[in-house]
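The residues making up each chain are set out below.
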Amino acid sequence: MCGIVAYVGGQDARGILVEGLKRLEYRGYDSSGIAILDGERPPYLARAVGKVAALEARVWGEEPRGAVGIAHTRWATHGKPSEANAHPHRDCAGKLFLAHNGIIENYLALKRRLVSEGHQFLSETDTEVLVHLVESRYQGNLESAVQRSLQEVQGTFGIAVIHSQHPAEIVVARRGSPIVLGIGREESLAASDVAALAQHTDQVVFLEDNEVARLEPGKFTITTLENRAVSRGTTVLEAGLETMDQGEFPHFMLKEIFEQPEAVENALRGRISHSEGVAKLGGLESVMDRLAAARHLIIISCGTSYYAGLFGRYVFEALTDLTVETELASEFRYRKLNLRQNTVVLAISQSGETADTLAALREAKRKGALVLGLVNVVGSSIARETHAGVYSHAGIEVGVASTKSFTSQITVLTLMALLVGRGRDLSYGEGSALLRGLERVPDQIREILKQSGRIRALGEKYCSAEHFLYMGRKYQYPIALEGALKLKEIAYIHAEGYAAGEMKHGPIALIDPAFPTMALAPEDGSYEKVVSNIQEIRARDGRIIAVTTAGNTNLGSIVDDVIEVPSTHELLAPLLTVVPLQLFAYHCAVLRGCDVDKPRNLAKSVTVE
Ligand code: G6P
């Protein structure tokens, strides 16, 4: 989603800002822009629709100089992608420039007032009210003008502001949309994502909601919107976070699919106690008493993380005596929550910044629940706002379509359920068997990855289909949903994920030779029932690809194609069956000429509601 980078220091700002924008490209965007001050010449503003490369060509062609600037990648919410709607926006006098992530909810009322005061608006965005508001409040002190303006604003924002009268200063602020400061020697940066800072400094400061920061080269101050001073030092960014290198792979997504064996290893590392048949999760130690007393678990998340959460329901039910519910964060946040005593809420998020998940966890906290996080990005908002939690340790994920984060999340959910279950009635034998199974998963995924060429051939056979059905039961039901989502997201093929038992209640009406089915049929407790569903599709001339356990030769006569995955505990099979589905979606997308890493209209991190 939208991204911000800001720089003040001694170097040429444009290179740093453009490079920063490129590092934010993976989040999804449709236009970008840059504003630069040099203290002498008039401010420079350039904006372009499309890729950052289009903006870069302009910026280098026109040679703006200056050591302070802000830049933005936009994902349109109010007003279509166009140069006029791209950020930064400028004030009427052409002195003040502002980039914004988030949504200003009362922008119409503010705009009406500002127009009546004589301000001229040039875009259709909600953001533009901010720049005029700050202009109207400015009396020589930029920080104070920003503070006073934001007190009038309803909605969410992460903003960066510069003013030609202050050529060695940036002011940033946040509410609900992340801003992180990077403090180097004789230079300071700010961004919406550490990915844009990490190559410059490892000294970072995470801004909290309703805080404003004033940045000068090598230093910063933080205040609240009411101008109360906030004292906060820098923290050191964890190393290894920023390997955004595609390596030998044609796309980040393929690289990340192939990184899954290591991602699962990292999710397991140091977290297994064979002697006790239990998982060790240091991040939960401080809340173990409350976890031991818990009766109910509600898992909240969005997108792929939601499907991991659906798996979480099955695994917690299987290994513990908790009653478990999984809910879309965007729905949960607006429900009338009748939370019972001893309810734990678990927020799952790769980015740790998803607006709905953040709002939902805040609501759960307000209602008194213990709120835990399962997050990938260290130091992200969700990680910081939960009472306790566990990192998934998948490493940076760049492809918009989530892959290795999903398998890491499922791995950690299994460990969490094991930990809670072993404190209850789960036996040592059951715990130990699962742990041994988990340790075999990375090598088993490696075996599946060797089939990538074959799965590409299946892609060639099926990628012209305009519709696809994915079906699975119980532990494989979330995988059916996730497989369908992958195909939709990156190959733009309409795909429906269904619980196989629901086939007869509707989707079977769609089946014909042009509407193929991906059937998840590992040899687990639901296998026979899924085979019946496959027969029913067969009887209606539907084409079928089945994902089943290696060595199972019984499906060959009733399906068109078989993909084999190694044999494992049925609770762990989702970690394996999802991999061919990711590869299938990937190959179909490439064969259809789609932009795999940056699918149209999608963003990696959805920081607006
Ligand atoms: C976006 C991304 C998905 C992701 C979802 C939830 O839609 O494109 O890949 O699953 O957000 O994001 P989160 O960071 O909370 O897991």
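One can find the structure itself at the top, above this paragraph.
Residues numbered from 1 in each chain as written. Predicted model: local features only at pLDDT ≥ 70, side-chain atom pairs only at ≥ 80, totals over all residues. Heavy atoms only, no water.

Student: Would you mind going over the overall build of the protein with me for this structure?
Tutor: For the protein, the count of helices and strands is 18 helices and 27 strands. For 609 residues, the compact-globule estimate of 2.2 N^0.38 gives 25 Å, and the C-alpha radius of gyration of the protein, at 25 Å, lies within 12% of that figure. Counting only C-alpha atoms and orienting by the principal axes, one finds that the protein spans roughly 75 × 55 × 45 Å. Out of the 609 residues in the protein, the part that is buried amounts to 60%. Sequence-distant contacts in the protein: of pairs separated by 6 or more residues, those separated by 24 or more amount to 72%. About 22300 Å² of surface is accessible on the protein, with carbon and sulfur atoms providing 47% of the total. (Helix = DSSP H or I, 4+ residues; strand = E, 2+ residues; numbered from the N terminus. Rg over C-alpha atoms; globule rule 2.2 N^0.38 Å. Buried < 20%, exposed > 50% of the residue type's maximum accessible area, 1.4 Å probe, protein only. Contact = heavy atoms within 4.5 Å. Areas by Shrake-Rupley, 256 points an atom, 1.4 Å probe, with all protein chains shown as cover.)

Student: I would appreciate a short explanation of the environment of Gln-444 in the present structure.
Tutor: Position of Gln-444 relative to the elements: it lies in helix H14 (residues 428-449). Exposure remark for Gln-444: the relative accessible area of 9% places this residue in the buried category. Between the alpha carbons of Gln-444 and Leu-576 there is a distance of 7.3 Å; along the sequence they are 132 residues apart. With near-sequence residues (within four places) excluded, Gln-444 lies in contact with Pro-566, Ser-567, Thr-568 and Leu-576.

Student: Is there a simple way to think about the packing of helix H9 (residues 303-319) against helix H16 (residues 477-491) in this case?
Tutor: Describing two packed helices takes the angle between their axes plus the distance from one axis to the other. Interhelical geometry of H9 versus H16 gives an angle of 170 degrees and a closest axis separation of 8 Å. By the angle class used here, H9 and H16 are roughly antiparallel. Two secondary-structure elements touch here, H9 through Gly-303, Thr-304, Tyr-307, Leu-310, Phe-311 and Tyr-314 and H16 through Tyr-477, Pro-478, Leu-481, Glu-482, Leu-485 and Lys-486. Taken together, the residues of the contact of H9 with H16 break down into eight nonpolar, two polar and two charged. (Axes fitted to C-alpha atoms, helices over the stretch in contact; angles between N-to-C directions. Parallel < 35°, antiparallel > 145°, perpendicular 65-115°, else oblique. Nonpolar A, V, L, I, M, F, W, Y, C, P; charged D, E, K, R; others polar.)

Student: Is there a simple way to explain the site of the ligand in this structure?
Tutor: Around the ligand sit 13 residues, and of these Ser-305, Ser-349, Gln-350, Ser-351 and Thr-354 come closest. Between an oxygen atom of the ligand and a side-chain N or O atom of Ser-351, the distance comes to 2.6 Å. Between the ligand and Ala-603 there is a distance of 2.8 Å, counted from an oxygen atom to a backbone nitrogen or oxygen. Notes on the ligand: free accessible area 380 Å², of which the protein chains cover 90%. Counting residues per element, the shell around the ligand draws most heavily on H9, at three residues. (Near = heavy atom within 4 Å. Polar contact = N/O pair within 3.5 Å; in protein donor to acceptor, adjacent residues only side chain to side chain.)

Student: Help me understand unusual backbone geometry, please; the structure alone is not making it clear to me.
Tutor: Glycine aside, negative phi is the norm for most residues, and most peptide bonds take the trans geometry. The residue after His-87, namely Pro-88, is reached through a cis peptide bond having omega 0 degrees. Backbone geometry places His-393, a non-glycine residue, at a positive phi of 55 degrees. Residue position: His-393 is located in the loop between strand S22 (388-391) and helix H13 (404-422). Of note, the phi angle at Lys-474 is positive, near 50 degrees, even though the residue is not glycine. Following the sequence through the fold, Lys-474 ends up in the loop between strand S23 (467-472) and H16. Lys-474 gets classed as partly exposed once you look at its relative accessible area, which sits at 40%.

Student: What's the story with the pairing of strand S1 (residues 3-8) in this structure? I'm lost.
Tutor: With six of its six residues buried, S1 lies for the most part within the structure. Because side chains alternate across S1, one face comprises the buried residues Gly-3, Val-5 and Tyr-7, and the other comprises Ile-4, Ala-6 and Val-8, equally buried. The pairing of S1 with strand S10 (residues 188-191) spans four bridges and is classified as antiparallel. If you follow Tyr-7 over to S10, its bridge partner there is Leu-189. (Pairing = 2+ DSSP bridges.)

Student: Teacher, can you tell me more about the packing of aromatic side chains here?
Tutor: Aromatic ring pairs: the centre-centre distance and the angle between the two ring planes describe each pair. In the structure shown here, the tally under the stated rule is seven aromatic pairs. On the numbers, 5.8 Å between centres and 50 degrees between planes, the contact of Phe-468 with Tyr-470 is tilted. We classify Phe-468 as buried; its relative accessible area is 0%. Put simply, the rings of Tyr-462, Phe-468, Tyr-470 and Phe-584 touch in pairs and so form one group of aromatic residues. The cationic tip of Arg-313 hangs over the ring face of Tyr-314; the distance from NZ or CZ to the ring centre is 5.4 Å. (Phe/Tyr/Trp six-rings, centres within 6.5 Å; stacked < 30°, edge-to-face > 60°. Lys NZ or Arg CZ within 6 Å of the ring centre and 35° of its normal.)

Student: Is there a simple way to think about the nonpolar core in this case?
Tutor: Nonpolar side chains tend toward joint burial in soluble globular proteins. Among the nonpolar cores identified, the biggest contains 93 residues, and Leu-284, Phe-316, Phe-468, Tyr-470, Leu-487 and Phe-584 are the most heavily contacted of them. Sorting elements by how many residues they give to this core places helix H18 (residues 573-591) first, with eleven residues. Counting 27 residues, the second largest nonpolar core, distinct from the first, contains Ala-13, Leu-21, Val-194 and Leu-237. (Core = buried A, V, L, I, M, F, W, Y, C linked by side-chain atoms within 4.5 Å.)

Student: What am I meant to see in the pattern of salt bridges here?
Tutor: Side-chain pairs of opposite charge can arise whenever the charged atoms involved come near each other. In this structure the tally under the stated criterion is 39 salt bridges. As a salt-bridge pair, Arg-58 and Glu-83 come within 3.9 Å of each other at their nearest N and O atoms. A residue pair is termed long-range when its members are at least 10 positions apart, and Arg-58 in helix H2 (residues 52-62) and Glu-83 in the loop between strand S4 (68-74) and strand S5 (89-90) qualify at 25 residues. By relative accessible area, which is 27% here, Arg-58 ends up partly exposed. Between Glu-460 and Arg-456 there is a salt bridge whose closest N-O contact spans 3.6 Å. Here the residue Glu-460 and the residue Arg-456 both occupy positions in helix H15 (residues 452-462), the gap between them amounting to four residues, near one helical turn. Owing to a relative accessible area of 32%, Arg-456 belongs among the partly exposed residues under this scheme. (Salt bridge = Lys/Arg side-chain N within 4 Å of Asp/Glu carboxyl O.)

So, to be careful, I would describe these as geometric facts and stop short of saying anything about function.
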